Amino acid sequence: MLDLISGRSRTCDGLTRRGFLRVGSLGLGGLTLADVLRLRSKAAEAGLPTRDTAVIQVVLGGGPSQIETWDPKPDAPAEFRGEFKPVSTNVPGIFLGEMFRGQAGLMDKLAVVRGLHHEADDHNIGSHWIMTGFRADSAFQPTNGRPSVGSIVAKMRGPNAVGLPAYVSVPGAPSYAQASYLGAGYNPFRVDGDPSANARVRNLVPPDGLDLDRIDDRRQLLAQLDRIERRRDASGMMDGLDRFAVEANAMVTGKAARRAFDLTTEDPRLRDRYGRTKVGQSCLLARRLVEAGVTFVTVNDTGWDHHGQVFQACRRQLPPLDAAIAALVEDLYDRGLDRRVLLVVWGEFGRTPRINGSSGRDHWPNAMSAVLAGGGLNVGQVVGATNRNGERPVDRPLRPEDLIRTIYHVLGLNSSHEFPDDSGRPRPVLNVGEPIAELI
């Protein structure tokens, strides 16, 4: 069973008199969602961008090997190159790992960035870096020190369509996907569970014993109480709250969100192309969400920390990932979304080029790869290169901040904009890096 939730949050509006009117157990049906919508609308005060671009980010949690995926090293010694051979692509001179045959046939629609690197071989620090554009203060930092990219997007852009959230994560959420000092209203709406097992999102349908008529009855009772409160309200605050309550009610009782999250309406043949796997159906759901009006979707694919038996693990994990990415890219192009929707696939670091004694690869931030597609970018190319053994960049070294700047560029966001942190100190959206010039 999938659950759509908005993150754990408390509001400070002093409106607990309305708490008992929440729509059953609907995570999107009470004041929490209304408060989310109210908070997100504050971006309009500074003038929202007019672009309707969107991003799907696939995070490979644990750190995938660059050599087994997008940066094969067939000329390296055996203790580096591993068991897989390169496969040619439909762009002459570009090769991928042999488990990526689907992407190889679509290389003219992809851009591979091979020169990415940073200095943190710890999962937490590396994850915070790619999720926010900032290094974590320590490996033991439990929550975001800076807002995630998705939260920044939710704050500055909001959703592309009424009745849908701006920022969604499926399934669950990777580390450091939260909003930090932007406030809990900009945390991701999480879809928990396996989309390949059950495509019904519980929180977008009423629980047992509570139908939409009863929701409407409660909404009318809420309106009556608000009219009483409004007589005492000279500030106009209640009029503003009413608008957000209406939008929250529309998300729960309206069709847009429920339709977007309902995978059962998809052609079974298309679902098969994506793969009836967790990552495959998560990518299909991500496409449905951005097409419907969600601005930023993170697909959370875990299990890439291959300290042992890396080749056995890759034989199991790479084909489903390849099918999902290839189907998603084809789908974006088939639907005319390739100019509007950017796909980014990466993890928090790469793996050691030298194979360890357990037939695995350890943490290696000195060289990592990412693949991008769509977003109106210049594709069909490789940006950057690592040395013969895949140890470090030797051409066009790039950092996570550069890739994140590219994301903000596609979304039309000013990454120099500042938001106050919890102490009131202004903090930039991003303080270093440049959009990757070869791509834009």
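Residues numbered from 1 in each chain as written. Predicted model: local features only at pLDDT ≥ 70, side-chain atom pairs only at ≥ 80, totals over all residues. Heavy atoms only, no water.

Chemist: Teacher, can you tell me more about the nonpolar core here?
Modeler: Across soluble globular proteins, nonpolar side chains show a tendency to be buried alongside one another. Membership of the largest hydrophobic core comes to 57 residues, with the highest contact counts inside it found for Ile-56, Trp-70 and Leu-343. Take this core: its biggest share by element is 12 residues, from helix H11 (residues 310–334). Setting aside anything within four residues of it in sequence, one finds Ile-56 in contact with Ala-286, Arg-287, Val-290, Val-297, Val-299, Leu-328, Val-341, Leu-342, Leu-343 and Val-344. Core analysis: the next-biggest nonpolar cluster, separate from the first, contains 43 residues, Val-149, Phe-296, Leu-372 and Ile-407 among them. (Core = buried A, V, L, I, M, F, W, Y, C linked by side-chain atoms within 4.5 Å. Buried < 20%, exposed > 50% of the residue type's maximum accessible area, 1.4 Å probe, protein only. Helix = DSSP H or I, 4+ residues; strand = E, 2+ residues; numbered from the N terminus. Contact = heavy atoms within 4.5 Å.)

Chemist: Looking at this model, I keep getting lost on the pairing of strand S6 (residues 167–170). Mind explaining?
Modeler: For a regular strand, side-chain orientation follows a simple rule: the groups alternate between the two sheet faces. Residues Tyr-167 and Ser-169 of S6 are buried on one face, and the alternating residues Val-168 and Val-170, pointing to the opposite face, are buried as well. Alignment of S6 against strand S8 (residues 296–301), held across four bridges, turns out to be parallel. Looking across to S8, one finds that Val-168 is bridged to Val-297. With two bridges connecting them, S6 and strand S7 (residues 189–192) associate as parallel partners. What sits directly across from Ser-169, in S7, is Arg-190. (Pairing = 2+ DSSP bridges.)

Chemist: In this structure, what is going on with the pattern of salt bridges? I would like to understand it.
Modeler: Opposite charge on two side chains permits pairing when their charged atoms draw close. Applying the stated criterion across every chain yields a total of 21 salt bridges. Here Arg-269 ties to Asp-267 by a salt bridge, and the two come within 2.9 Å at their closest N and O atoms. The salt bridge involving Arg-276 is made with Asp-272; its shortest N-O contact spans 2.9 Å. Given a relative accessible area of 47%, Asp-272 falls into the partly exposed group. Taken together, the shared-partner salt bridges in this structure form one network comprising Glu-266, Arg-287, Arg-288, Glu-291, Asp-331 and Arg-335. (Salt bridge = Lys/Arg side-chain N within 4 Å of Asp/Glu carboxyl O.)

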